[in-house]
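Each chain is listed here by its residues.
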Amino acid sequence: AGSLSGSVVSFDPQRDAALDAGSTQLVLQTAEGEPLAQCRATAGQPREFALCRAGGQYFGKIAQGSSADQFVLVTASRAELNFWGDFRKQCVSVTDPSGTLQAVTERCSADFDAKGSYYRVRVAPDTDVGLMVCSLLCIQHLSASR
């Protein structure tokens, strides 16, 4: 895997759509098109996404939690992260089971597009940024489809 230092990371919701016709698939990739991670809607579970490594190996799943303002990521190794907050306003906190903050999001503006709607993700040291981005994109999709 190449370094992301100085690279633009893009999100391509259409890539490889033919592989899994009829379901949503998100691919996180570098500007050069190198896949970093994949997220796929889980068959038979309309409120769930499977998160996969770049090569397609299963990593975990993210699904609606016990309330409308919570999503839970459970990895194959049974590690858990809780995403909670106001998803419509992109004001979200991510915590581990002990309550330690792993990431937060907040709305922000961008100098290149004053009229656009953007949000910033801030992650704690040693937190997997790609995992946060993939999870938040899946949550954004799930929240929009309610």
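Each residue is numbered by its place in its chain's sequence as written, counting from 1. Predicted model: local features are reported for residues with pLDDT of at least 70 only, side-chain atom pairs are reported and counted for 80 or more only, and whole-chain, interface and lining totals are derived from all residues. The basis for every side-chain value is the complete set of heavy atoms in the structure, and neither hydrogens nor water enter the calculation.

K.L.:
Is there a simple way to explain the overall build of the chain in this structure?
P.N.:
Helix and strand labels come from DSSP, where a helix needs a run of H or I of at least four residues and a strand needs a run of E of at least two; each type is numbered from the N terminus. Helix and strand counts for the chain come out as 1 helix and 10 strands. Taken from the N to the C terminus, the helices and strands of the chain come in the order β-β-β-β-β-β-β-β-β-β-α. Here the chain holds 146 residues, and the buried ones make up 33% of them. Burial here depends on accessible area, computed with a 1.4 Å probe over protein chains only, as a share of the maximum for the residue type. Under 20% is buried, over 50% is exposed, and the range in between is partly exposed.

K.L.:
In this structure, what is going on with the pairing of strand 4 (residues 48–53)? I would like to understand it.
P.N.:
Looking along a regular strand, one sees the side chains alternate between the two faces of the sheet. By the criterion of burial, strand 4 is predominantly enclosed, with 5 of the 6 residues buried. One bridge is not enough; two strands pair if DSSP finds at least two bridges between them. As defined by bridge partners, strand 3 (residues 35–41) adjoins strand 4 across 5 bridges and the pair is classed as antiparallel. Within strand 4, the position partnered with Ala41 by the bridge is Phe49. A loop of 6 residues connects strand 3 with strand 4, the two strands running antiparallel in sequence, and Gly44 in this loop sits at a positive phi of about 80°. One ladder, built from 5 bridges, connects strand 4 with strand 5 (residues 58–64); its direction is antiparallel. By the bridge assignment, Ala50 is partnered in strand 5 with Lys61.

K.L.:
Help me understand a nonpolar patch on the surface in this model?
P.N.:
Within this analysis, patches are made of residues with over 30% relative accessible area and no salt bridge. Like charges are joined at 9 Å or less; nonpolar side chains (Val, Leu, Ile, Met, Phe, Trp, Tyr) at 5 Å or less. In short, Shrake-Rupley with a 1.4 Å probe defines the accessible areas, and a residue's cover is counted only from the protein chains shown. Basic side-chain nitrogens of Lys or Arg form a salt bridge, by our definition, when they fall within 4 Å of a carboxyl oxygen of Asp or Glu. Where nonpolar side chains cluster on the molecular surface, the patch consists of Val121, Val123 and Val129 and spans about 190 Å² of accessible area. In this structure, Val123 sits in strand 10 (residues 113–123).

K.L.:
How should I be thinking about the side chain of Ser135 in this particular structure?
P.N.:
Relative to the helices and strands, Ser135 is located in helix 1 (residues 129–144). Judged by its relative accessible area of 0%, Ser135 is buried.

K.L.:
I would appreciate a short explanation of the nonpolar core in the present structure.
P.N.:
Soluble globular proteins tend to bury their nonpolar side chains together. In this structure, Phe49, Leu51, Ile62 and Phe83 are the most contacted members of the largest nonpolar core, which totals 24 residues. Listing elements by their share of this core, those giving two or more residues are strand 2 (25–30), strand 3, strand 4, strand 5, strand 6 (70–75), strand 7 (80–86), strand 8 (91–95) and helix 1. Any two residues whose heavy atoms approach within 4.5 Å at even a single point are treated as in contact. Setting aside its immediate chain neighbours within four residues, Phe49 contacts Thr24, Leu26, Cys39, Arg40, Ala41, Thr42, Gly60, Lys61, Ile62, Cys138, His141 and Leu142. Joining through side-chain atoms within 4.5 Å is the link that ties buried Ala, Val, Leu, Ile, Met, Phe, Trp, Tyr and Cys residues into a set, and such a set is a nonpolar core.

K.L.:
Whenever I open this one, unusual backbone geometry confuses me. Can you help?
P.N.:
Residues other than glycine predominantly adopt negative phi, and peptide bonds predominantly adopt the trans conformation. If you check the backbone angles, Arg78 has positive phi at about 75° while not being a glycine. Looking at where Arg78 falls in the secondary structure, it is placed in the loop between strand 6 and strand 7. Even without glycine at this site, Gln90 takes up a positive phi of about 55°. A relative accessible area of 14% means that Gln90 is categorised as buried.

K.L.:
What is the right way to look at the pattern of salt bridges in this model?
P.N.:
If charged atoms from side chains of opposite charge come close, those side chains can pair. Across all of its chains, the model carries 3 salt bridges by this definition. The shortest N-O distance in the salt bridge between Lys61 and Glu48 comes to 3.8 Å. Of this pair, Lys61 sits in strand 5 while Glu48 is found in strand 4, placing the two residues 13 residues apart along the sequence. Salt-bridge contacts for Arg120 lead to Glu106; the nearest nitrogen and oxygen are separated by 2.7 Å. Placement of Arg120 in strand 10 and of Glu106 in strand 9 (residues 101–110) is noted, with a sequence separation of 14 residues between them. When its relative accessible area of 33% is taken as the criterion, Arg120 is described as partly exposed. One salt-bridge network, in which partners are shared between bridges, spans Glu106, Arg120 and Arg122.

K.L.:
Help me understand the side chain of Gln70 in this model?
P.N.:
Relative to the assigned elements, Gln70 resides in strand 6. In this structure Gln70 touches Gln64, Gly65, Asn82, Phe83, Trp84 and Phe87, once residues within four positions along its chain are discounted.

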